[in-house]
Amino acid sequence: MENILYFTVRQNLLRKKNELFEAIKEEEKKVGYYHLPFSNTQKIKVQLQHLNSEIQDIVVIGIGGSSLGAKAVYNFLKPQKSFAKRLFFLESTDPLNIQNLIKQINLEKTHFFIISKSGTTLETIALFKYFFNKCKKEQFSIISELNSPLAKVAKELNASFFEIPKNVGGRFSVLSNVGLVPLAMVGVDIDKLLLGARKIYKSFFEDGYIKDTLLKKALFYAKKHQQFHINVLFAYSESFKYFVQWYIQLWGESLGKRQKHSIFNVGLTPIGLIGPEDQHSFLQLIMEGTRDKTITFLTIKNFMQDLSIPDISFEPLKELDMLNNLSFDTLINLQSQSIKEALLMQEDIPVDEIILENVDEESIGKLIFYYELLTSLVGYLIDVNTYNQPGVELGKKILKEKLKDCK
Ligand code: PA5
């Protein structure tokens, strides 16, 4: 994975890099997600062997950090790999969505992973109850924090249980059992996923190539967060569709907060775009709109396939014959390069590019850990508690009151 920054960081900011690095080294000792790339996956594999071999479909019931990470990885790899089982994600209480899922799965041959760190998330529990009523109890595994109410249900049902460590926050939990268990169940190589994350960990903490880039980028984002308060991730492949959703949750829920040492509210707003289609919707706003956005291009070097455009000519379309014999991977990469160059010509839009080597587990593992580190660095610099989300509590409280009134 490469990350090329096309903006410069002023000299006095560079002097801050050491200070920032030391602060994150301190944080690394306490915050659980930093250590996930070093997990031993043997226990997961052994435990999964005991599940019914007839299972065809896997459904993850969870929301936010309890589903988005695995969804991002699975959907990134899906066009490239053939999986032994199908994996579905059920997050929403939307009845149409529930109905739609039921139409797609073979209910008798489905296994459900009920995932919730707190073990009390309303959406997850509602969906759990619905399917519990329709299926046998052996069709359920629970992934939760030890001793959570849901963990206690697992005990009561004698269901297979996987722990979420206490010091790993929901949106930073994809490399824990939250993501690894369902992904391993369908045949994702979770060791390679962790290997990719480990490479970025080592590169950052052991003076590798990514350290300087990440520190510079975080310093730039934090220093300029009032002017460039929108961070666009422009990903050039449909297979990043759910990765950008994961990024939106990670960035938004981690960085939009009241500062720890002031009475001010701060935040960086994530936007996820998919190229080339969003060139035909959002690009105009980036190119000529207010200068309040940074743009990160996310591209794939090797798409690992060889589809190309046939040598067909239509007289009225003669001027597009330059497309003939061109491979689609060359085309999409030329498209992202052209948009990148056009933005760089504006001179007042901060641009960088992340290039993933391949469509495989190692590459997506690297990308995940890169973004987790970047979030931690920026969170530290803008003085927020990156790992909590007090802002979502009030709405939940109001809903609970409303539910009581419904009775
Ligand atoms: O990042 C977070 O902590 C949240 O987005 C949670 O993942 C989300 O609210 C779901 O919570 P839980 O896993 O407790 O069901």
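Criteria and cut-off values
Residues numbered from 1 in each chain as written. Predicted model: local features only at pLDDT ≥ 70, side-chain atom pairs only at ≥ 80, totals over all residues. Heavy atoms only, no water. Helix = DSSP H or I, 4+ residues; strand = E, 2+ residues; numbered from the N terminus. Buried < 20%, exposed > 50% of the residue type's maximum accessible area, 1.4 Å probe, protein only. Polar contact = N/O pair within 3.5 Å; in protein donor to acceptor, adjacent residues only side chain to side chain. Contact = heavy atoms within 4.5 Å. Pairing = 2+ DSSP bridges. Axes fitted to C-alpha atoms, helices over the stretch in contact; angles between N-to-C directions. Near = heavy atom within 4 Å. Nonpolar A, V, L, I, M, F, W, Y, C, P; charged D, E, K, R; others polar. Right-handed = clockwise from strand over helix to strand, strands pointing away. Patch = residues over 30% accessible without salt bridge, like charges linked within 9 Å, V, L, I, M, F, W, Y side chains within 5 Å. Areas by Shrake-Rupley, 256 points an atom, 1.4 Å probe, with all protein chains shown as cover. Salt bridge = Lys/Arg side-chain N within 4 Å of Asp/Glu carboxyl O. Lys, Arg positive; Asp, Glu negative; His and termini not counted. Charge placed at Lys NZ, Arg CZ, Asp CG, Glu CD. Core = buried A, V, L, I, M, F, W, Y, C linked by side-chain atoms within 4.5 Å. Domains from an automatic or database assignment.

Help me get a handle on the side chain of Glu-353, residues and values and all.
With respect to the helices and strands, Glu-353 occurs in strand S12 (residues 351-358). Its relative accessible area of 2% is what places Glu-353 among the buried residues. Looking at Glu-353, its side chain comes within polar contact range of the side chain of Gln-337, at 3.3 Å. Those residues within four positions of Glu-353 in sequence are excluded, and the remaining contacts are Glu-2, Asn-3, Ile-4, Tyr-6, Phe-297, Thr-299, Gln-337 and Lys-340.

Tell me about the sheet that holds strand S5 (residues 140-145), and please be specific about residues and values.
What the 5 strands build is an open sheet, ordered S3-S2-S4-S5-S6; its pairing is parallel. Because the sheet does not close on itself, it has two edges, and the strands there are strand S3 (86-90) and strand S6 (160-164). Between one strand axis and the next, the sheet turns by 20° as a mean value, whatever way the strands run. Summarising the sheet, strand S4 (residues 110-116) and S5 pair through 5 bridges and their orientation is parallel. When the sheet's bridge partners are listed, Phe-112 is paired in S5 with Phe-140. Helix H8 (residues 177-186) contacts strand S2 (57-61), S3, S4, S5 and S6 of the sheet and is inclined by roughly 170° relative to S4.

Residues and numbers for the site of the ligand, please.
Neighbouring the ligand are 13 residues, the closest being Ser-66, Ser-116, Ser-118, Thr-121 and Gln-249. Within the side chain of Glu-253, an N or O atom sits 2.8 Å from an oxygen atom of the ligand. Note that an oxygen atom of the ligand is positioned 3.5 Å from one of the side-chain N or O atoms of Gln-389. Class assignment for the residues of the shell around the ligand results in 1 nonpolar, 9 polar and 3 charged.

I'd like to hear about the sheet that holds strand S11 (residues 293-302), residue by residue, with values.
With mixed pairing, the 5 strands of this open sheet are ordered in space as S1-S12-S11-S7-S10. On the outer flanks of this sheet lie strand S1 (2-5) and strand S10 (269-274), each paired with one strand and no other. In this sheet, neighbouring strand axes are inclined to one another by 20° on average, regardless of whether the strands run parallel or antiparallel. Summarising the sheet, S1 and S12 pair through 4 bridges and their orientation is antiparallel. The residue bridging Glu-2 from the neighbouring strand is Ile-355, located in S12.

Got a sec to walk through the pairing of S11? Specific residues and values, please.
Within a regular strand, side chains alternate between the sheet's two faces. For S11, the tally of buried residues reaches 8 of 10 residues, placing the bulk of the element in the interior. Pairing of strand S7 (residues 230-235) with S11, which is carried by 6 bridges, proceeds in the parallel orientation. The residue of S11 that forms the bridge with Ala-235 is Leu-298. A crossover connection joins S11 to the parallel S12 through helix H13 (residues 328-344); in handedness this β-α-β unit is right-handed.

Pulling in residues and values, what's your account of a positive patch on the surface?
Residues Arg-10, Arg-15, Lys-16 and Lys-223 make up a contiguous surface patch of positive charge. Tracing the backbone shows Lys-16 in the loop between helix H1 (11-14) and helix H2 (17-30). Lys-16 sits in the partly exposed class, given a relative accessible area of 42%.

Can you explain the nonpolar core? Please cite residues and give values.
Membership of the largest hydrophobic core comes to 111 residues, with the highest contact counts inside it found for Phe-113, Phe-204, Phe-240, Phe-243, Leu-367 and Tyr-371. With 10 residues, the single largest contributor to this core is helix H14 (residues 361-381). For this core, the two domains that each supply at least three residues are domain 1 (2-29 + 193-381) and domain 2 (33-188). Among the nonpolar cores identified, the runner-up in size contains 19 residues, and Val-59, Leu-101, Leu-127 and Cys-135 belong to it.

With reference to specific residues and values, describe the environment of Asp-352.
Here Asp-352 is to be found in strand S12. Note on Asp-352: relative accessible area 0%, which makes it buried. For the pair Asp-352 and Thr-296, spaced 56 residues apart in sequence, the C-alpha separation works out to 4.9 Å. Leaving out residues up to four positions away in the same chain, Asp-352 has contacts with Asn-3, Ile-4, Leu-5, Tyr-6, Phe-7, Lys-217, Tyr-221, Ile-295, Thr-296, Phe-297 and Tyr-370.

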